[in-house]
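Here are the chains, one letter per residue:
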Amino acid sequence: MTTSPVPGLRLAGLTKVLGGRTIVDDLSLDIAQGELVSLLGPSGCGKTTTLRMIAGFLVPDSGAIAVHGDDVTALGPERRPSAMVFQNYALWPHMTVARNVSYPLRLARRPRREIADRVAEVLDLVGLSHHADSRPAQISGGEQQRASLARALVQRPRLLLLDEPLSNLDAKLRVRVREEIRDIQQSLGITTVLVTHDQEEALAVSDRVAVMHDGRIEQVSTPADLYREPATEFVSDFVGTSNRIPALDLGEGEPGAHFMVRPEDVVLGVDGIPARVTRVLPHGPFTEVALIARGIELRAFVSGVVPAAGEDVRVRFARALRYVDGRLERLAAPRLAEVAA
């Protein structure tokens, strides 16, 4: 990722109303040149509408879009320096992989020799040279997705747009292909926007993640900061697993306040709050333990010795965050331990 002061993509006050409902509401975001940023959120939050405005398939009702400093708000998709990889691959079934990849260049009437060279280059980049003459039905889903990526990259865009690119792949293949896409993106240093509802995917590949809710961005942070310090109650609930504990249940009288504790920060031991184990759920490398403490339901992620269902234990909180009226207020773990003791 470069450190150029000119953003690779700038969204300034984007608003879009569809069917009488505001889908995207005064959204602004700067993405650095060479940076990969994910738009993450539940269905209906406005992330796909935002991507379609960036691509030029939708015209914003207000606001502006700039790519590498050039205003592209009024340009159609064919005139923008961007290329999109679609969720359903959108490959022509009667064309070979090479013909599919070359299609944008043939449409632009590029010279034949240039087309051949650029297609060979991107097929090698995505590891599909040996499938140049295969048709989409003859290759796997992961290979079809890489062919779709190659078709985008062959245009040499300044901005790469990925619309739920892995949603049609099985879980194991999804992990492999997302790593391949990230490796290619980093090797090219291309500014990239990924739209996804899969938080694991967003956290794994992104330089930063923008969490969207009701047409607005709730928080933009690195994956680590987003997980450890969610700025709002919505983000804390949406990203990862969390224990939401009303402050009143821990002896604090302030209305509108609650604590958020990640399951890995719920520590089982010989001190802390008395609790009873209600369920034990193995997850391979760790075990999820459901507990009841002071009438509060808790989840703990445990490695090592695991208590049995029905067993009495004690729990303490290694780390917690305090929210007031939906916004984060930092809180040191020792203070919470004193409140909960």
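Everything discussed here concerns the structure shown above.
Anyway, here's the lowdown on the structure attached to this text.

Parameters and conventions
- Residues numbered from 1 in each chain as written.
- Predicted model: local features only at pLDDT ≥ 70, side-chain atom pairs only at ≥ 80, totals over all residues.
- Heavy atoms only, no water.
- Phe/Tyr/Trp six-rings, centres within 6.5 Å; stacked < 30°, edge-to-face > 60°.
- Helix = DSSP H or I, 4+ residues; strand = E, 2+ residues; numbered from the N terminus.
- Buried < 20%, exposed > 50% of the residue type's maximum accessible area, 1.4 Å probe, protein only.
- Polar contact = N/O pair within 3.5 Å; in protein donor to acceptor, adjacent residues only side chain to side chain.
- Pairing = 2+ DSSP bridges.
- Axes fitted to C-alpha atoms, helices over the stretch in contact; angles between N-to-C directions.
- Core = buried A, V, L, I, M, F, W, Y, C linked by side-chain atoms within 4.5 Å.
- Contact = heavy atoms within 4.5 Å.
- Expected span 1.5 Å × (residues − 1).
- Arc of directions from axis to C-beta.
- Parallel < 35°, antiparallel > 145°, perpendicular 65-115°, else oblique.
- Left-handed = near helix turned anticlockwise from the far one by under 90°.
- Nonpolar A, V, L, I, M, F, W, Y, C, P; charged D, E, K, R; others polar.
- Salt bridge = Lys/Arg side-chain N within 4 Å of Asp/Glu carboxyl O.

This brings us to the packing of aromatic side chains. For the structure on display, the rule yields four aromatic pairs. Ring geometry for Phe234 and Phe238: centres 5.7 Å apart, planes at 10 degrees, overall stacked. Of the two residues, Phe234 and Phe238 both sit in helix α8 (residues 233-238), four residues apart, roughly one turn of that helix. Judged by its relative accessible area of 19%, Phe238 is buried. Centre to centre, the rings of Phe286 and Phe301 are 4.6 Å apart; their planes meet at 45 degrees, and the pair counts as tilted.

This paragraph deals with the side chain of His131. Structurally, His131 can be placed in the loop between α3 (112-125) and α4 (141-153). Assessed through its relative accessible area of 14%, His131 is described here as buried. Side-chain polar atoms of His131 contact the side chain of Glu143, separated by 3.4 Å.

Here we come to the sheet that holds strand β14 (residues 273-282). Taken together, five strands build an open sheet; the order of strands is β13-β17-β14-β15-β16 and the sheet is antiparallel. Across the chains shown, the open sheet's two edge strands, defined by having one partner strand only, are β13 (266-269) and β16 (296-302). Recorded for the sheet is a direction-independent mean angle of 45 degrees between the axes of neighbouring strands. The pairing of β13 with strand β17 (residues 312-317) spans four bridges and is classified as antiparallel. The partner of Leu268 across the bridge, within β17, is Val315.

One finds Val101, Val119, Leu123, Leu149, Leu153 and Leu160 to be the most contacted residues of the largest nonpolar core, which totals 34 residues. Mapped by element, the contributors of at least two residues to this core are β6 (82-85), α2 (97-107), α3, α4, β7 (159-163) and α5 (171-188). Looking at which element gives the most residues to this core, the answer is α4, with five residues. In this structure Leu123 touches Val97, Ala98, Val101, Leu128, Ser129, Ala132 and Ala150, once residues within four positions along its chain are discounted. Core analysis: the second largest hydrophobic core is formed by 26 residues, Leu9, Val37, Ala55 and Leu161 among them.

What follows covers α3. Between the first and last C-alpha of α3 there are 20 Å, a value that for 14 residues agrees with the 20 Å anticipated at 1.5 Å per step. Taken together, the buried positions of α3 are Ile115, Arg118, Val119, Val122 and Leu123. One side of α3 holds all its buried residues, which, seen down the axis, span an arc of 130 degrees. Turned more than 90 degrees off the buried face of α3, the exposed positions are Arg113 and Asp124. Lining the buried residues of α3 we find α2 and α4. Positive backbone phi, at 75 degrees, marks Gly127, one or two positions downstream of α3.

Further remarks concern the environment of Thr49. One can find Thr49 in helix α1 (residues 47-55). For the pair Thr49 and Gln185, spaced 136 residues apart in sequence, the C-alpha to C-alpha distance is 23 Å. Apart from residues lying up to four places away in sequence, Thr49 is in contact with Lys16, Leu18, Ile23, Val24 and Leu58.

As summarised here, the arrangement of the four strands in space is β2-β1-β4-β5, forming an open sheet in which the pairing is antiparallel. The open sheet has two free edges, formed respectively by β2 (21-31) and β5 (70-71), since each of these has just one partner strand. Docked against the sheet, α1 engages β1 (9-18), β2 and β4 (62-67), running at close to 120 degrees with respect to β1.

Turning next to the environment of Pro42. Take Pro42: it is sitting in the loop between β3 (36-40) and α1. On the basis of relative accessible area, Pro42 is assigned to the partly exposed category, the value being 27%. Taking the C-alpha atoms as reference, Pro42 lies 7.9 Å from Met212; in sequence the two are 170 residues apart. Residue contacts for Pro42: discarding those within four places in its chain leaves Lys47, Met212, Phe234 and Phe238.

Another aspect to go through is α2. Along an α-helix, a turn takes 3.6 residues, which lines up residues three or four apart on a common side. Listed in full, the buried residues belonging to α2 are Val97, Ala98, Asn100, Val101, Ser102, Pro104 and Leu105. In the core, the buried residues of α2 are packed alongside α3 and α4.

Here α2 crosses α3 at 125 degrees, and the two axes come no closer than 10 Å. Overall, the two elements α2 and α3 adopt an arrangement that is oblique. Considering how the two elements wind past one another, α2 and α3 form a crossing that is right-handed. In contact with Val97, Ala98, Val101, Ser102, Leu105 and Arg106 of α2, α3 contributes Ile115, Arg118, Val119, Val122 and Leu123. Classifying every residue of the contact of α2 with α3 gives eight nonpolar, one polar and two charged.

As a further point, take the pattern of salt bridges. Scanning the entire structure with this criterion turns up 21 salt bridges. With a closest N to O distance of 2.6 Å, Arg10 and Asp30 form a salt bridge. Residue Arg10 is found in strand β1, and its partner Asp30 is found in strand β2; the two are separated by 20 residues along the sequence. Relative accessible area serves as the criterion here: at 39%, Arg10 is assigned to the partly exposed category. Residue classification places Asp30 among the partly exposed positions, given a relative accessible area of 32%. Arg319 is paired through a salt bridge with Glu229; the nearest N and O atoms lie 3.9 Å apart. Residue Arg319 is located in the loop between β17 and β18 (320-324), and its partner Glu229 is located in the loop between α7 (223-228) and α8; the two are separated by 90 residues in the primary sequence.

By themselves, these observations are geometric and do not establish any function.
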